[in-house]
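# Structural features, examined
Here is how the chains run, residue by residue.
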Amino acid sequence: MSTADEVALSPAERYAASRARARTPELERFRRHLTVELDDFQVDACRTLEEGRSVLVAAPTGAGKTIVAEFAVHLALTDARAKVFYTTPMKALSNQKYAELAAEHGSAQVGLLTGDTNINSGARVVVMTTEVLRNMLYADSPLLTDLAYVVMDEVHYLADRFRGAVWEEVIIHLPRGVRMVSLSATVSNAEEFGDWLQAVRGDADVIVSEQRPVPLEQHVLVRGKLVELFDGAQSPGAPPRVNPELARLAIAGGRGAGTYRGPHPGRHQRRGEVVRDRIDRHEVVRLLGDRHLLPAIFFVFSRNGCDQAVQHVLRSDVRLTERWERDEIRHIVEERCAGLRDEDLGVLGYFSWLEGLERGVAAHHAGLIPTFKEVVEELFQRKLLKVVFATETLALGVNMPARTVVLEKLEKFNGEARVPITPGEYTQLTGRAGRRGIDVEGHSVIQWVTGLDPQAVASLASRRSYPLHSSFRPTYNMAVNLIQQFGRERTREILESSFAQFQADRAVVDLARKIREQERSLEGYAEAMRCHLGDFAEYAGMRREVNDLERKQARSSDGSRVERDRRGRRIAQLRGRMKQHPCHACNDREAHARWAERWWRLKRETDRLTGQVRGRTGAVAQVFDRITELLLDLGYLTRDQHGRIEVAAPGRQLRRIYGERDLLVAECLRSGAWEGVDAPTLAAIASCLVFEPRREDGGIARGLPPGRFARAFEATEQRWAELSTMEEDRRLPETGPLSAALALATFRWAQGDRLDQVLREADLAAGDFVRWMKQVIDLLDQLSIVADGELGRTARTAIDEVRRGIVAYSSVA
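One structure accompanies this document, and this report is about it. (Residues numbered from 1 in each chain as written. Predicted model: local features only at pLDDT ≥ 70, side-chain atom pairs only at ≥ 80, totals over all residues. Heavy atoms only, no water.)

Read from one edge to the other, the open sheet built from seven strands follows the order β10-β9-β17-β14-β11-β13-β12, with strand pairing classed as mixed. The sheet terminates laterally at β10 (225–228) and β12 (361–364), the two strands that pair on one side only. The mean angle between the axes of side-by-side strands here comes to 25°, regardless of whether they run parallel or antiparallel. Most of the contacts of helix α12 (residues 281–290) go to strand β11 (residues 296–299), to which it runs at about 150°, and overall it touches β9 (216–222), β10, β11, β13 (387–390), β14 (404–407) and β17 (442–447). (Pairing = 2+ DSSP bridges. Helix = DSSP H or I, 4+ residues; strand = E, 2+ residues; numbered from the N terminus. Axes fitted to C-alpha atoms, helices over the stretch in contact; angles between N-to-C directions. Contact = heavy atoms within 4.5 Å.)

Structure representation (structure tokens):
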């Protein structure tokens, strides 16, 4: 609170503020070193931490959630021995946060652990990916000594169906004395998540802010005119209403808006030129520049689209940088890329990439190598880049705020079909618009397309629906680790405390309430169909069976002649029994029958809900039990003389294998499937275990490595088939099939082939190839630790052969 704000308070309010400051002296010391005033939600969250409680902070992108994390670092460093771990979901974010904290507190105080990078791991402040912390907890790492705080950045990642379980594992297994700082996007069920944190972690406060730090002006670009999405003439506090002008344009199909011709119209339109409803990208860039709305991020939901957009702009006469900016850009690029080999630069498209950078334009997507992405991020943060065409991954955490965000379309391909973006995704994307301390307001621009519904866009823009749903499920590795530490019964209790089960139990409460309501209705229906002559429920049952059989008989194709004759005899039998039933003679028979039909429909629905309750109650523990039985059958677990389950020798090996195919890797090691292979072949086998082909290419291998690969891969597939059968029999999620599509490229890379040859063989972008090779290295690293004898040594050799060239280069290590 500023001095001016405090003067405006009443004496009682000033006294309360003074008392609050006295309770949190470290917060006051921390604030004195800041250049900006803290918002209320930041103050509340920091006070919670200093008072000894954990905190969940849910706020929009760019709102300043990380200030709370920085205060946790401050608190740790004021203690003589306390440590703080800062976890992020991605290595790129870890690298970025490490650089920021090292610059703030000195490299001696800060470390980095990301699986393939280990810098100063014993430091007081260590940045790491969430998986690294999970592995440390299972291994009971000595680095956990004196751990006082854990920051979980982007904690809403626990909804990720592939990796989300890791976040829950960490939250559940961290010692209770460790205070957690959970930072999340604005989610609609933050209170529910906070209730779960309170249940598993003890004292934890939920701080929610939906206030954007920089107001957002939202526009639709129709031809060359920026039209406000919402009606600016509304009275304050009224629900947002679509701009009437935009509604008229929608009815007219986009016709009627002005066409942008730049500050010098004659230069941009030739005589007789047809006016289009949608202007080209370079014209959009020029329009934003003329309106002082740069820098801008254009979200394009495909990598090829991003690259093509850059080339399209470069083919025009757009140049967005001054001479001094181009000189600085070239200096930074040459410095950051000095470690790349000259022979690889042409393969990576370095020179056309540099031309785009010097003109202020770049792409940002997962197909770029990490070095190129990091350069783009740095140049954008330094305000040297003016336009970036990016995929949606840029919206997830990387610090690249812009003045304007442009959405070319409001739908994306999800791997199977084109689907509309959700309100949560829209909020995440437009959260990049508006730079705190620089811009008075941010801007989002939606480009007009035929059929655009302004009302639907307004609904998308005004909702904040982004529910957090758990993706937690037990795994083989998790099972042996927890049983080793806690035993089976305690492990079941721990799994029952997951957010997944917490949500399921809450759903059960709602379902149970609905079942009770319906059971009361069933009692009323039963009373209404009661007949004084006999059991009308019995009579109604026969009547319903007759109706069902007659419907089947009416479909001439339904069953053989023998089956139809059998049904006919059954109908005649039932009709005879109905005529003899006492209720058949009741004067109110049809009224009773109507109530009986209602009773039957509601009973069927109630039974369905009851089945759901049975399925959700203890659902996580049921999966764990089935995993335990499978591991017992395979010998990874065993029973002692008292019948207690404990981890066997193969299980101790499985404890140190992490990944989607953990049990398959362990089975291959036990069976000797990879014995005798050389280093390039082992690297190729590892690629088959980690590579997930894109849906559209199907992952078909165009060729296989020579030598012993075929035998080793066949043995691996045999283990996979056996394991899949066992999983299917036990109703467990099946281990995904293998793909050898990257095997030959990996083999040749490990043998030392040139980058251009390997990328051609892999049919992958350089960034994708680097990412998969790092995962290959991660698995090989695990094998080098758990495999015995020659195979372990081969794994270490394979790591050295794969980690070269662009795979080895890192801007951090």
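Another point: the nonpolar core. Grouped together as the largest cluster of nonpolar side chains are 133 residues, with contacts concentrated most on Val333, Leu357, Leu631, Trp674 and Leu780. No other element matches the eleven residues that helix α32 (residues 766–786) contributes to this core. When neighbours within four sequence positions are excluded, valine 333 is seen to be in contact with Tyr350, Trp353, Leu354, Leu357, Val375 and Leu379. Residues Ala58, Val187, Ala190 and Phe499 belong to the second largest nonpolar core, which totals 37 residues. (Core = buried A, V, L, I, M, F, W, Y, C linked by side-chain atoms within 4.5 Å. Buried < 20%, exposed > 50% of the residue type's maximum accessible area, 1.4 Å probe, protein only.)

With that settled, the discussion passes to the packing of aromatic side chains. Under the counting rule described, the total for this entry stands at 16 aromatic pairs. Where tyrosine 157 meets tryptophan 167, the ring centres are 5.7 Å apart and the plane angle is 20°; that geometry is what we call stacked. Residue tyrosine 157 is found in the loop between β6 (147–152) and α8 (164–173), and its partner tryptophan 167 is found in helix α8; the two are separated by ten residues along the sequence. Exposure class is identical for tyrosine 157 and tryptophan 167. Each is buried. A ring pair is formed by tryptophan 749 and phenylalanine 769, whose centres lie 5.5 Å apart and whose planes are at 80°; its orientation type is edge-to-face. In this pair, tryptophan 749 is assigned in helix α30 (residues 743–751) and phenylalanine 769 in helix α32, connecting sequence segments 20 residues apart. Taking relative accessible area as the criterion, tryptophan 749 reaches 1% and is therefore assigned buried. A network of ring pairs unites the aromatic residues Phe193, Trp196, Phe499 and Phe502 as a single cluster. The side chain of arginine 771 reaches across the aromatic face of tryptophan 772, ending 5.7 Å from its centre. (Phe/Tyr/Trp six-rings, centres within 6.5 Å; stacked < 30°, edge-to-face > 60°. Lys NZ or Arg CZ within 6 Å of the ring centre and 35° of its normal.)

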